[in-house]
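Structural overview for review
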Amino acid sequence: MRNRAWDHLALGLFFVVVLAPTPARAQARGPFVPVTDAMLQNPAPGDWLMWRRTLDSWGYSPLDQVSRENVAELRMVWTRDLEPGTGEITPLAYGGMLYVPQAQDVIQALDAVSGDLVWEYTRDIPADLYEMVGANARNNRNLAIYDRMIINTSDDNFVFALDALTGEMVWETMIFDYRVHSATHSSGPIIADGRVISGRSCRPWGGPEACVVAAHDARTGRELWRRGLIPAPGEPGSDTWGDVPYAGRQHVGSWMVPSYDPELDLIILGTSVTSPAPKFFLGGPENDHLYHNSTLALEVETGAIRWYYQHLNDHWDLDHPFERLLVETAVRPNPDEVAWINPRLRPGEVRKVITGIPGKTGIVYTLDRRTGEFLWATPTVLQNVIADIDGATGAVTENVEVIFTQAEQEAFVCPSWAGGKDWEAGAYSPLTNTMYYPLRNTCAQILATPDVDSDRARALTAGGQAGIPIYSLASRHQLAPGTDNLGTVRAISAETGETLWLHEQRAHTMSLLATGGGLVFGGDANGRFRAFDHQSGEVLWEVNLGSSVSGYPISFAVGGRQYIAVNTGAGSINLTPELRPSRGTNFFVFALPELD
């Protein structure tokens, strides 16, 4: 490992002596206050201490200095380029600092007001790493902060902690030998009651032992438990894999960031598809292959599964690992707009629920948080994979017309494996009891084949969208029939399931942020970054950042001034070829003009 903090310090001393500038703004910061579990569970309004700011994954900032009335005055106050290849990242904001994860395990600490570099950590990357774990491991969506440490999971399958003031290593612990149990950490951890909780995408060649959620002591790095996502022989759920030997049970990952309920002591997370995806290649379409494409509630002390809910038996790479919103709300689904409702519901009863769009199908699911009981669900985009959900049991019935039963079979599937919904995060505002989601209108002609380089697969993907060998799928993506718009932002009532407003556009939309100022911020693949009115969806402010707005926007405050921050990077499916943004990886910070 190499740390450049001392190099930058020496360079800074040179400029102090030779050029005698004004004192560095970093000197104005007060003493570092250690971050506690209480702070993580109830963060100060101006802080952004984790992926979606709070453990309930809302993506909501209560700051209201920037409002619907003045957002048109928002201006860029500084910008900085990032490590090449950086895309889907979330900075942490604390104590006047931004801690910014970047591609290939680079982490920078920046002065939040000036953008000046304070320290940089760069991890030594083994030469064979990305060949073993896959190139998407270069991504690094988020960090965690605890006590005086910045904590992350590394591309080479360690969990490690850095001193927040210097960037120096405090501890590191190997999770796997990446050459044996290959897994990727494209998302970082959360901290749940002093435990570092991390999931991962387990590569098929890493075997079932790589498909785990792990907990480590945040102060020492000592492993506390690991929970397998694929049942071993003799464990509950093992029989759902039919006669597939344990070594052939692969790739049920948890590659996005969990939520945590400290009152129920439950970690809530989602899982991904199997490898291969069509179940006739595994134990057969009649088997559930647990715990793929499920919501899991894990006990924080032990990792034990308290309950699970499976969203579908997935044959098409329609992963369900995305954010779970933890909300307490009256539950009153409108039967005119909601497709599937539990008949035992008493309309208007207040429940602690898990809600949101957990998977690529674009279907909203609302479950009871304590028990996993199905409450209601409804689609938001064109989909043809779910035929029915039994309201009384929550049991899902897939559409038999698109289930693969043999090799070289084709099916027209909506949405495609691009979603619907993908890694781009929605947001929830307690001001409106509304969730806001970036969605895509996609479908695909999909071929189930063990050879994605065959002549037939190449003919299908002639438009340039390649097959995915680990899923035994090849695909030609297209816009969903009946629309020319790829991107949408949809506002959905958490109480009723009703769509309150819908913004549609040609470019696909990306992650969102809701604020106390009545705004929803979000960008798109064509470089536009916008502020929407949270009640009407009206676009109140827009700026062209040049490149795909691939980062997760945040809001923070320093010295009483509110800032909005987001980054650009690569990332788009090529269904709008007339849109040609650049591919710059840059970080942008905005604020209202300072008063004289």
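Everything discussed here concerns the structure shown above.
Structural notes, computed from the coordinates. Keep in mind the model is a prediction, meaning the values are calculated, not measured.

If you walk across this open sheet you meet the 5 strands as S2-S36-S37-S38-S39, and the pairing is mixed. Looking along the sheet, the strands with just one partner apiece sit at the ends: strand S2 (60-61) and strand S39 (539-544). For strand S36 (residues 509-515) and strand S37 (residues 519-524), the ladder comprises 4 bridges, and the chain directions are antiparallel. When the bridges of S37 are listed, Ala 514 appears paired with Val 520.

Comment: phi is negative for the bulk of residues other than glycine, and the bulk of peptide bonds are trans. Between Ser 275 and Pro 276 the backbone carries a cis peptide bond, its omega angle lying at -10°. With respect to the helices, strands and loops of the structure, Pro 276 is situated in the loop between strand S19 (266-270) and strand S20 (294-299). The peptide bond linking Gly 419 to Gly 420 adopts the cis configuration, its omega dihedral lying at 25°. Positionally, Gly 420 belongs in the loop between strand S29 (409-413) and strand S30 (427-429). Positive phi outside glycine occurs at Asn 293, with the angle close to 45°.

With that out of the way, let us pick up the nonpolar core. Core analysis: the largest hydrophobic core is formed by 67 residues, its most contacted members being Leu 40, Tyr 99, Ile 145, Ile 151, Ile 191, Ile 197 and Ile 267. Top element by residues in this core is strand S10 (residues 158-163). It accounts for 4 residues. Setting aside its immediate chain neighbours within four residues, Tyr 99 contacts Phe 32, Thr 90, Pro 91, Leu 92, Tyr 94, Gln 108, Ala 109, Trp 119, Leu 143, Ile 145, Ile 150 and Ala 164. Among the nonpolar cores identified, the runner-up in size contains 35 residues, and Leu 264, Ala 297, Ile 386 and Ile 389 belong to it.

About the thresholds
Residues numbered from 1 in each chain as written. Predicted model: local features only at pLDDT ≥ 70, side-chain atom pairs only at ≥ 80, totals over all residues. Heavy atoms only, no water. Pairing = 2+ DSSP bridges. Helix = DSSP H or I, 4+ residues; strand = E, 2+ residues; numbered from the N terminus. Core = buried A, V, L, I, M, F, W, Y, C linked by side-chain atoms within 4.5 Å. Buried < 20%, exposed > 50% of the residue type's maximum accessible area, 1.4 Å probe, protein only. Contact = heavy atoms within 4.5 Å.

Keep in mind these values describe shape, not function.
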